[in-house]
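Listed below, chain by chain, are the residues.
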Amino acid sequence: MRPPGAQTLRVLPTAEAVAEAVAERLVEALARNPELVLALPTGRTPLLLYRHLVALHREGRVSFSRATAFQLDELLGLAPDHPARFAAYLTRHLFQHVDLAQERIQRLDGAAADPEAECARYEDALAAAGGLDVALLGIGDNGHVAFNEPGPTLQARAHVAVLARQTREANAGLFAGEPSHVPTHALTLGMAALLQAREVHLVATGASKADILRAALRGPLTPQVPASFLQLHPRLSVWLDTAALGQNEAALS
Ligand code: GLP
């Protein structure tokens, strides 16, 4: 069954090749529109992509000087100097190496005294920036995008999310392998911001993502697999390595 939206599937041999191709795609997008508004993910998947973007920036092939970056999500309740904060990750792997202007780096404050107010502030900042031009997304093993977790409903706006047990286990590496040390809640952009992005790029690598990708890209739209709603997006590009494609070639082609 064809998905309802227009979807481009790009399968490359390795995670390295995926990172290179997505980086080139972003370089083109920034060349066309230097004022691009981007949403950026954390996790293992984008590490290679950020490495490529930093290298391309050092080669003088890309500038972020007029771009705006929104972090997709953030763990709630960590001290402002905690190294596991997603803001710290983005600084470490991308922001400190490129020429993004500090005032155009939008961070969710996971230490905010009033997390709901912080989400409202973030929505306002996103609206003031004119929404997202490009949402760069990974996918969680349980089908989450950003921290829009599976459940009976999804939320359109930025919100405080309760993290699934599986998600806390997946993030345990940031907390000496101890899932119980992973915060129980997070802040995240909602589904509307992602679906209203002018382009969505979903990046997944590794065999562990094959099953959830099939459910997300060809299964029914269901809040139990939040990424399935990306099928509705009119400009969704899915970037996979052959491991993430797995046995799904027939289903996804
Ligand atoms: C994280 C983030 C997501 C990310 C996903 C997959 O916890 N909230 O934005 O895309 O989980 O992470 P990974 O790339 O490590 O598999």
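Along each chain, the written sequence defines residue order, and numbers are assigned to residues from 1. The predicted nature of this model means local features are confined to residues of pLDDT at least 70 and side-chain atom pairs, given and counted, to a pLDDT of 80 or more, with totals for whole chains, interfaces and linings taken over all residues. Heavy atoms throughout the structure, all of them, feed into the side-chain values; hydrogens and water do not.

Draft legend 1. Main features of the site of the ligand. In the region of the ligand, the neighbouring residues are Thr42, Gly43, Arg44, Thr45, Asp73, Gly138, Ile139, His144, Ala146, Phe147, Asn171 and Lys209. Between the ligand and arginine 44 there is a distance of 2.7 Å, counted from an oxygen atom to a backbone nitrogen or oxygen. In protein, a polar contact requires one atom able to donate a hydrogen and another able to accept it; more generally it is a pair of N or O atoms within 3.5 Å, and residues adjacent in sequence count only if both atoms are side-chain atoms. Between the ligand and lysine 209 there is a distance of 2.6 Å, counted from an oxygen atom to a side-chain nitrogen or oxygen. Using the Shrake-Rupley algorithm and a 1.4 Å probe, accessible areas are obtained, with residue cover drawn only from the displayed protein chains. Look at the ligand: alone it shows 390 Å² of surface, and the protein chains cover 92% of it. Residue polarity is assigned by list, with Asp, Glu, Lys and Arg as charged and Ala, Val, Leu, Ile, Met, Phe, Trp, Tyr, Cys and Pro as nonpolar; anything else, Gly included, falls into the polar class. Residue composition of the shell around the ligand, by class: three nonpolar, six polar and three charged. Near is defined per residue: the residue qualifies when any heavy atom it owns lies within 4 Å of the molecule or strand.

Draft legend 2. Here's a closer look at the sheet that holds strand 2 (residues 37-40). For two strands to be treated as a pair, DSSP must find no fewer than two bridges joining them. Starting at the N terminus, helices and strands are each numbered in turn, a helix being any DSSP run of H or I of at least four residues and a strand any DSSP run of E of at least two. The strand order 1-10-9-6-2-3-5 describes an open sheet built from seven strands, whose pairing is parallel. On the outer flanks of this sheet lie strand 1 (7-12) and strand 5 (105-106), each paired with one strand and no other. Bridging between strand 2 and strand 3 (residues 68-71) involves four bridges; their strand directions are parallel. If you follow leucine 40 over to strand 3, its bridge partner there is glutamine 71. Contacts between residues were defined by any pair of non-hydrogen atoms, one from each residue, lying within 4.5 Å. Whenever a helix is involved, its axis is fitted only over the stretch in contact; in every case the axis is a line through C-alpha atoms, and angles between N-to-C directions fall within 0 to 180 degrees. Its contacts with the sheet put helix 4 (residues 115-128) on strand 3 and strand 5, and the angle it makes with strand 3 is roughly 155 degrees.

Draft legend 3. Here's a closer look at the pattern of salt bridges. One speaks of a salt bridge when a side-chain nitrogen belonging to Lys or Arg is within 4 Å of a carboxyl oxygen belonging to Asp or Glu. Inspection of the entire model under this criterion finds 10 salt bridges. The partner of glutamate 199 in a salt bridge is arginine 25, with the nearest N and O atoms 2.8 Å apart. Taken as a pair, glutamate 199 in strand 9 (residues 199-204) and arginine 25 in helix 1 (residues 15-32) lie far apart in primary sequence, 174 residues in all. Of the two residues, glutamate 199 and arginine 25, neither departs from the other in class, the shared state being buried. In this structure, the salt-bridge partner of arginine 32 is glutamate 199, at a minimum N-O distance of 4.0 Å. With a gap of 167 residues between them, arginine 32 in helix 1 and glutamate 199 in strand 9 connect regions that are remote in the sequence. Exposure classes here rest on a 1.4 Å probe applied to the protein chains alone. A residue is buried below 20% of its type maximum, exposed above 50%, and partly exposed in between.

Draft legend 4. Quick look at the pairing of strand 3. Both faces of strand 3 are covered, namely the face carrying Thr68 and Phe70 and the face carrying Ala69 and Gln71. Note on the crossover from strand 2 through helix 2 (residues 47-58) to strand 3: the handedness is right-handed. As judged from the two bridges shared by strand 3 and strand 5, these two strands associate in the parallel manner. Looking at the pairing, phenylalanine 70 lines up with glutamine 106 of strand 5. Whether a crossover is right-handed comes down to one check: with the strands pointing away from the viewer, does the path from the first strand over the helix to the second run clockwise; if it does, it is right-handed.

Draft legend 5. Quick peek at the packing of helix 1 against helix 2. The geometry of helix 1 relative to helix 2 is characterised by a closest axis approach of 8 Å and an angle of 50 degrees between their N-to-C directions. The orientation of helix 1 with respect to helix 2, classified from their angle, is oblique. The hand of the helix 1/helix 2 crossing is right-handed. Residue-level contacts link Ala15, Glu16, Ala19, Glu20, Val22, Ala23, Glu24, Leu26 and Val27 of helix 1 to Leu48, Leu49, His52, Leu53 and Leu56 of helix 2. Geometric relationships in this document are graded by angle, where less than 35 degrees denotes roughly parallel, more than 145 denotes roughly antiparallel, 65 to 115 denotes roughly perpendicular, and other angles denote oblique. Working rule for handedness: look at the near helix, and if it is turned counterclockwise from the far one by less than a right angle, call the crossing left-handed; if clockwise, right-handed.

Draft legend 6. Looking closely at the environment of serine 63. By the element assignment, serine 63 lies in the loop between helix 2 and strand 3. Placed 44 residues apart in sequence, serine 63 and alanine 19 show a C-alpha to C-alpha distance of 18 Å. Side-chain polar atoms of serine 63 contact the backbone nitrogen of serine 65, separated by 3.1 Å. A polar side-chain atom of serine 63 sits 2.7 Å from a polar atom in the side chain of aspartate 99.

Draft legend 7. Spotlight on the nonpolar core. In these notes, a set of buried Ala, Val, Leu, Ile, Met, Phe, Trp, Tyr and Cys residues joined through side-chain atoms within 4.5 Å is what counts as a nonpolar core. Within the largest apolar cluster, 40 residues are counted, with the highest numbers of intra-cluster contacts made by Leu132, Leu137, Ile139, Leu202, Leu213, Leu230 and Leu240. Listing elements by their share of this core, those giving two or more residues are strand 2, helix 4, strand 6 (134-137), helix 6 (191-195), strand 9, helix 7 (210-218), strand 10 (236-241) and helix 8 (242-245). Look past the residues within four positions of isoleucine 139 in its chain and what remains in contact with it is His144, Leu202, Val203, Ala204, Lys209, Ile212, Leu213, Ala216 and Ala227. In this structure, Leu12, Val27, Ala29 and Val203 belong to the second largest nonpolar core, which totals 34 residues.

Draft legend 8. Broad picture of the packing of aromatic side chains. Stacked, tilted and edge-to-face are the three classes applied to pairs of Phe, Tyr and Trp rings, where Trp contributes its six-membered ring and a pair requires centres within 6.5 Å; stacked means planes under 30 degrees apart, edge-to-face means over 60, and tilted covers the rest. Applying the stated criterion across every chain, the model contains three aromatic pairs. Note on tyrosine 50 and tyrosine 89: the rings are 6.3 Å apart at their centroids and 70 degrees apart in plane angle, and the pair reads as edge-to-face. One end of the pair, tyrosine 50, is in helix 2; the other, tyrosine 89, is in helix 3 (residues 86-93), with 39 residues separating them in the sequence. Each member of the pair tyrosine 50 and tyrosine 89 is classed as buried.

Draft legend 9. Examining helix 4 more closely. For helix 4, which comprises 14 residues, the first-to-last C-alpha distance of 20 Å matches the rise-based estimate of 20 Å (1.5 Å per residue) to within 8%. Looking at the packing, one finds that the buried side of helix 4 touches strand 3, strand 5, strand 7 (159-162), strand 8 (185-188) and helix 6. Of the residues one or two after helix 4, glycine 130 is the one with positive phi, at around 85 degrees. Given a helix with a known number of residues, its expected span is that number minus one, times 1.5 Å.

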